[in-house]
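Geometric and topological summary
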Amino acid sequence: MMKRKYFHNLTRISTFIDCVQSTQVCGNCEASGQRFVEAPLRACSRCIASGKQCVSLFIPIWTADCEENNKQAMVKLLEMKEKGTNSAALQLLVPLPEATHVAKCLKGSFANWFQFKAGERFNLSNLRVLCNDPDPPLRRRMRDVTTLSAIRNRDRVSVPDLLIINRESVRGVLREAKLTVQTLIPEPFRLYKGNARGVLSHPTGLCIAPEGKLLICDHSKSRLFQGRLHYPVNVSELSSNLKNPNGVAFLNGVAYVADTGNNRVAFLIQKPGVLFRPNNMKVDDLKQRLEERGIQSRNLNKKDLVKRINEWIKNEQRRNNIDVNNLSSLPLNVTNITPLALCGCGNDLMFLSDLQSNTIKQVTIENNGAILKGTIVTVVSLEQGALPYGISVSGNKLYIADSRDKGGLIQFDLSNGNSNVVVENLSTECQRIHSVAVTTGGDVVFTDRDAKKIKKFCNGTVTEIAGSGSDLSQEGSSKSASFLQPTAICTEGNTMYVCDTAVGRVCVISPTSSLSSYLEQNDVICKTFGIHLRGMPPEVVNITQALDKLRGVSSWLNSWERQTRESLRSHRSSSRTSGHCLLQEHK
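Presented here is an overview of the structure given in this document. (Residues numbered from 1 in each chain as written. Predicted model: local features only at pLDDT ≥ 70, side-chain atom pairs only at ≥ 80, totals over all residues. Heavy atoms only, no water.)

**Let's talk about the sheet that holds strand β26 (residues 476–477)**
Taking strand neighbours across the sheet as the criterion, the five strands line up as β26-β5-β29-β28-β27 in an open arrangement whose pairing is antiparallel. Sheet topology places β26 and β27 (486–492) at the edges, where each strand pairs with a single neighbour. (Pairing = 2+ DSSP bridges. Helix = DSSP H or I, 4+ residues; strand = E, 2+ residues; numbered from the N terminus.)

As structure tokens, then:
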């Protein structure tokens, strides 16, 4: 329509072509009031002839798929526009990812990784777990509303598969299931060398580490493993220098292992920067560190300062028989301990259960820049024959899982030293406890090894979380899934990880609410842009409704990012605070 106005005679055609070829407005056009070369931005002949301002609605949009180079270009354009550094020609341009590819990217993200939102881990494979649920009615309902193709994600670019899993009927089954129990190790659905059957033999301890990693110790293989929460989970061996380990904890970039067979606490540095890195230190800092250790540093250049502090570091490590590149024994102020379980509390504090002395001990970690050391103080004395396979701390409460017949879940108040058994073994509430952990919400969760169930203790009441109690090991919804020998347990927000030791299995127990919400947001994107299944009518929305819907999705995603950042910051802050307070109490 605009071109008909521009090109109503040969003179105007000739003038317009001259502008385009020279990439700037020619003299004739400029004299008539034209300011742009681009056709959609030029005034029409009728307005110029009448001397009126030509007003047109023009929305310049660049849309493309979400290929990485396109994504980076879009981000760059937005940054330049915000700063006002882009050219006048690009000032009005709005980069907009193609809607179908945005939805596909969201699906691909949670198909490739176990996402984490509101304390819950979720993945596309959760849907496949429910499609194979041991409960026939639930299994049938999930199979009625989805397809194997959609949940297997073999065709990553399939729009119908994307739309099928987004449907409200799928989310309804997720809300009905409430929780899913899924096997992480070994991978049940794919042949994957990094996570095949037999990679673990008898896992007896596990803990969550930063950046979506899970640390697992195997009692029979006497090894420490790491599982990266990609899908499938990638399992790698960190160390074999162990003997029948039972527990593991992660504090401030370091993995600590209860190396029961070697009667020691072992450690393995997992992150750079835990100890001194002289080459990265400033001159003033190097001098200060040397002077603190009584080493002369005057009139030395950086090269000599680095050399001297490196010599001190090597001497310290050699004297304590520590190899920081491999798993080593943590030097302690006491000997003759047999650690059974570990629990981190802050950056420099943890608790361990000692099988030899029937006690729970507090370990304060000291870091002098060259080595790590531990100072032990006895906190709780247990009865003779106690089997404290699990310990966990929440605020000023220490929870101990004592597996002997006369044991149970013990609650110890760190502020006044009072303790009592809040759940007894061989009772209607618990047959035999093995391990314990605390969720972000403050719920105390524990494994009932003999009942083959996961249970929760809250406000004096015990309720079942997961496990049918049958003599099997299978995944599914919370009530239909089963464990053969649930032992170690750890938490990440409201998500739980459990070792099913007898069958060499590690599984994750997570609520389905975040997964349902994630699918709902993707469904909104598809419906807003009219993406629909063949034979189904598209949802009709006006521009105002579309903007409101997309603002809601944007707010949801921004809130997720903000919550994640705040969670990481508060975790680091609370870790430092809780460790300091407990240390002061015991001093």
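So that's the structure; there's more coming.
**Thoughts on the sheet that holds strand β7 (residues 213–218)**
Read from one edge to the other, the open sheet built from four strands follows the order β6-β7-β8-β9, with strand pairing classed as antiparallel. Only two strands of the sheet have a single partner each, and these edge strands are β6 (203–209) and β9 (234–239). Strand-to-strand twist across the sheet, computed as the mean angle between neighbouring axes with direction ignored, equals 25 degrees. Pairing of strand β8 (residues 223–228) with β9 involves five bridges; the strand directions are antiparallel. Bridge pairing in β9 places Arg228 opposite Asn234. (Axes fitted to C-alpha atoms, helices over the stretch in contact; angles between N-to-C directions.)

**Some details on the pairing of strand β28 (residues 495–500)**
With six of six residues buried, β28 is to be regarded as a mostly interior element. Residues Thr495, Tyr497 and Cys499 line one face of β28 and the alternating positions Met496, Val498 and Asp500 line the opposite face, and both faces are buried. Bridge count for β27 against β28 is five bridges, and the pairing is antiparallel. Its bridge partner being in β28, Glu492 is matched across the sheet by Thr495. Hairpin connection of β27 to β28: two residues between the antiparallel strands, including Gly493 at a positive phi of 65 degrees. Sheet topology note: the β28/strand β29 (residues 505–511) ladder contains five bridges and is antiparallel. The residue of β29 that forms the bridge with Asp500 is Arg505. Hairpin connection, β28 to β29: the antiparallel pair is bridged by four residues, and Gly504 has positive phi, about 65 degrees. (Buried < 20%, exposed > 50% of the residue type's maximum accessible area, 1.4 Å probe, protein only.)

**Quick notes on the packing of aromatic side chains**
Enumeration according to the criterion identifies nine aromatic pairs in this entry. Here Phe276 and Trp312 contribute two aromatic rings whose centre-to-centre distance is 6.5 Å and whose plane-to-plane angle is 40 degrees, an arrangement assigned as tilted. Taken together, the residues Phe276 in the loop between β12 (264–269) and α12 (283–292) and Trp312 in helix α13 (residues 302–319) connect sequence positions 36 residues apart. Grouping residues by exposure puts Phe276 and Trp312 together as buried. Linked through ring pairs, Phe110, Phe122, Tyr518, Trp556 and Trp560 together constitute an aromatic cluster. (Phe/Tyr/Trp six-rings, centres within 6.5 Å; stacked < 30°, edge-to-face > 60°.)

**Looking at the pairing of strand β17 (residues 372–381)**
As defined by bridge partners, strand β16 (residues 359–367) adjoins β17 across nine bridges and the pair is classed as antiparallel. Within β17, the position partnered with Gln362 by the bridge is Val377. As consecutive antiparallel partners, β16 and β17 are separated by four residues, and within that stretch Gly369 has a phi angle of approximately 95 degrees, a positive value.

**Examining unusual backbone geometry**
Phi is mostly negative for residues that are not glycine, and the peptide bonds are mostly trans. Note that the residue after Ile185, namely Pro186, is joined by a cis bond; omega there is -5 degrees. By secondary structure assignment, the location of Pro186 is in the loop between β5 (179–185) and β6. Along the chain, Tyr231 connects to Pro232 via a cis peptide bond; the corresponding omega equals -5 degrees. Within the secondary structure layout, Pro232 lies in the loop between β8 and β9. Not every positive phi belongs to a glycine, and Leu426 is a case in point at roughly 55 degrees.

**Some thoughts on the packing of helix α11 (residues 168–177) against helix α14 (residues 513–528)**
A packed helix pair is summarised by two numbers, namely the angle formed by the two axes and the spacing between the axes. One way to put it is that α11 packs onto α14 with a least axis distance of 9 Å and a crossing angle of 170 degrees. Overall, the two elements α11 and α14 adopt an arrangement that is roughly antiparallel. Counted together, Val170, Arg171, Leu174 and Arg175 of α11 and Leu515, Ser516, Leu519, Glu520 and Asp523 of α14 form the full contact between these two elements. Considering only residue class, the contact of α11 with α14 consists of four nonpolar, one polar and four charged. (Parallel < 35°, antiparallel > 145°, perpendicular 65-115°, else oblique. Contact = heavy atoms within 4.5 Å. Nonpolar A, V, L, I, M, F, W, Y, C, P; charged D, E, K, R; others polar.)

**As for the pattern of salt bridges**
What the rule picks out here adds up to 29 salt bridges. Between Lys452 and Asp471 there is a salt bridge; the shortest N-O distance is 3.5 Å. One end of the pair, Lys452, is in the loop between β23 (444–448) and β24 (453–458); the other, Asp471, is in the loop between β25 (461–466) and β26, and 19 residues separate them in sequence. In this structure, the salt-bridge partner of Asp500 is Arg505, at a minimum N-O distance of 3.2 Å. Classification of Asp500 by relative accessible area gives buried; the value is 0%. (Salt bridge = Lys/Arg side-chain N within 4 Å of Asp/Glu carboxyl O.)

**Regarding helix α6 (residues 99–112)**
Between its terminal C-alpha atoms α6 stretches 20 Å, which fits the 20 Å expected from 14 residues at 1.5 Å a residue. Regarding α6, the residues found buried are Ala99, Thr100, Ala103, Lys104, Leu106, Lys107, Phe110 and Ala111. All buried residues of α6 lie within an arc of 155 degrees about the axis, which places them on one face of the element. Buried residues along α6 sit in contact with β2 (94–97), β3 (115–117), β4 (120–122), α9 (148–152), α10 (159–166) and α14. (Expected span 1.5 Å × (residues − 1). Arc of directions from axis to C-beta.)

**Observations concerning the nonpolar core**
Counting residues in each nonpolar core, the largest one holds 32 residues, and the members touching the most others are Tyr256, Leu330, Met350 and Leu372. Among the secondary structure elements, those contributing two or more residues to this core are β10 (247–251), β11 (254–259), β12, α12, α13, β15 (349–354), β16 and β17. When residues no more than four places from it in sequence are discounted, the contact partners of Met350 are Leu251, Tyr256, Val265, Leu330, Leu342, Cys343, Gly344, Cys345, Lys361, Gln362, Val363 and Ile365. Listed in part, the 26 residues of the second largest apolar core include Met142, Ile151, Ile165 and Trp556. (Core = buried A, V, L, I, M, F, W, Y, C linked by side-chain atoms within 4.5 Å.)

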